[in-house]
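# Overview (structure and organization)
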Amino acid sequence: MWSTAIWRRFILPERGLCFRRDFSSTIYVSRLSYYTSDEDFENMFSRFGRVEEARLIRDARTNRPKGFGFVTYASDAEAEKAIKSMDGRIYGGRLIFVEYAKSGSQEDKT
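As a starting point, this report considers the structure included with it.

Cut-off values and rules
Residues numbered from 1 in each chain as written. Predicted model: local features only at pLDDT ≥ 70, side-chain atom pairs only at ≥ 80, totals over all residues. Heavy atoms only, no water. Core = buried A, V, L, I, M, F, W, Y, C linked by side-chain atoms within 4.5 Å. Buried < 20%, exposed > 50% of the residue type's maximum accessible area, 1.4 Å probe, protein only. Helix = DSSP H or I, 4+ residues; strand = E, 2+ residues; numbered from the N terminus. Contact = heavy atoms within 4.5 Å. Pairing = 2+ DSSP bridges. Phe/Tyr/Trp six-rings, centres within 6.5 Å; stacked < 30°, edge-to-face > 60°. Salt bridge = Lys/Arg side-chain N within 4 Å of Asp/Glu carboxyl O. Arc of directions from axis to C-beta.

### Description of the nonpolar core
Core analysis: the biggest nonpolar cluster contains 17 residues, and Ile27, Val29, Phe41, Phe45, Val71, Tyr73 and Val98 have the highest contact counts within it. Of all the secondary structure elements, the ones that give two or more residues to this core are strand E3 (26-30), helix H1 (38-46), strand E4 (51-58), strand E5 (65-73) and helix H2 (76-86). Here Phe45 is in contact with Ile27, Val29, Val51, Val71, Tyr73, Ala82, Met86 and Val98, once residues within four sequence places are set aside.

### Some thoughts on the pairing of E3
In terms of burial, E3 is a largely internal element, 4 of the 5 residues being buried. As paired strands, E3 and E5 are joined by 5 bridges and run antiparallel to one another. What sits directly across from Ser30, in E5, is Phe68. Bridging between E3 and strand E8 (residues 97-100) involves 4 bridges; their strand directions are antiparallel. When the sheet's bridge partners are listed, Ile27 is paired in E8 with Tyr100.

### Here's the deal with the packing of aromatic side chains
Geometrically, a pair of aromatic rings is defined through the distance of the ring centres and the angle of the planes. For the coordinates displayed, the defined rule picks out 3 aromatic pairs. A ring pair is formed by Tyr28 and Phe68, whose centres lie 5.9 Å apart and whose planes are at 50 degrees; its orientation type is tilted. In this pair, Tyr28 is assigned in strand E3 and Phe68 in strand E5, connecting sequence segments 40 residues apart. Classification of Phe68 by relative accessible area gives partly exposed; the value is 24%. Aromatic pair Phe41 and Phe45: ring centres 5.7 Å apart, planes at 70 degrees, arrangement edge-to-face.

### Describing the pattern of salt bridges
Counted by the stated rule, this structure contains 5 salt bridges. For Asp38, the salt bridge goes to Arg58, with nearest N and O atoms at 3.0 Å. Residue Asp38 is found in helix H1, and its partner Arg58 is found in strand E4; the two are separated by 20 residues along the sequence. For Arg58, a relative accessible area of 29% puts it in the partly exposed group. Note that Glu99 and Lys102 form a salt bridge whose closest N and O atoms lie 2.8 Å from each other. A residue is classified by how much of its surface remains accessible, and Glu99, at 33% relative accessible area, is partly exposed.

### Notes on the environment of Ser30
With respect to the element layout, Ser30 can be found in strand E3. C-alpha of Ser30 to C-alpha of Glu99: the two residues are 69 residues apart in sequence and 8.7 Å apart in space. If we ignore the near neighbours within four places in the chain, the residues touching Ser30 are Gly67, Phe68, Ile96 and Phe97.

### Structural notes on H2
Within the span of H2, buried status applies to Asp76, Glu78, Ala79, Ala82, Ile83 and Met86. Along the long axis of H2, the arc covered by the buried residues comes to 160 degrees, so they all point the same way. Turned more than 90 degrees away from the buried face of H2, the exposed residues are Ala77 and Lys84. Gly88 occupies a position one or two residues after H2 and carries a positive phi of about 85 degrees.

See the structure below:
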C-alpha cells in the first residue's frame, strides 16, 4: 500500500527531532453527508484517476456512514489532483475537506 509513498523530512534543530511524513496515493475525505452511499463516494473521486479502493467509515452499531472516508488511487499524481480539485468544495450540501491520509507513526527521534 505504501510502495508509492513520497517521503519528506521536517527537521526541528532546536529540539533535535526529525519528523518524517508519509504522503501516499491515499487521501482522507472529511465532513461528508451521513447519507453518502459507497457508490456515490467512489464516483465522486473516480474522475481524477483509477480508484483502487474507496472506503466510507461506518458506525459499527448502526452501519451508517460516520461522515468521512478514504480513497486510494493508483498513483500519487492522481491523489494530488483529487485533493486540489475537491478540497473546500460543496458536495451533498456540505463543505468537504480532502487531504493526504496520514500513516500511523510520524515521528522519528534521531
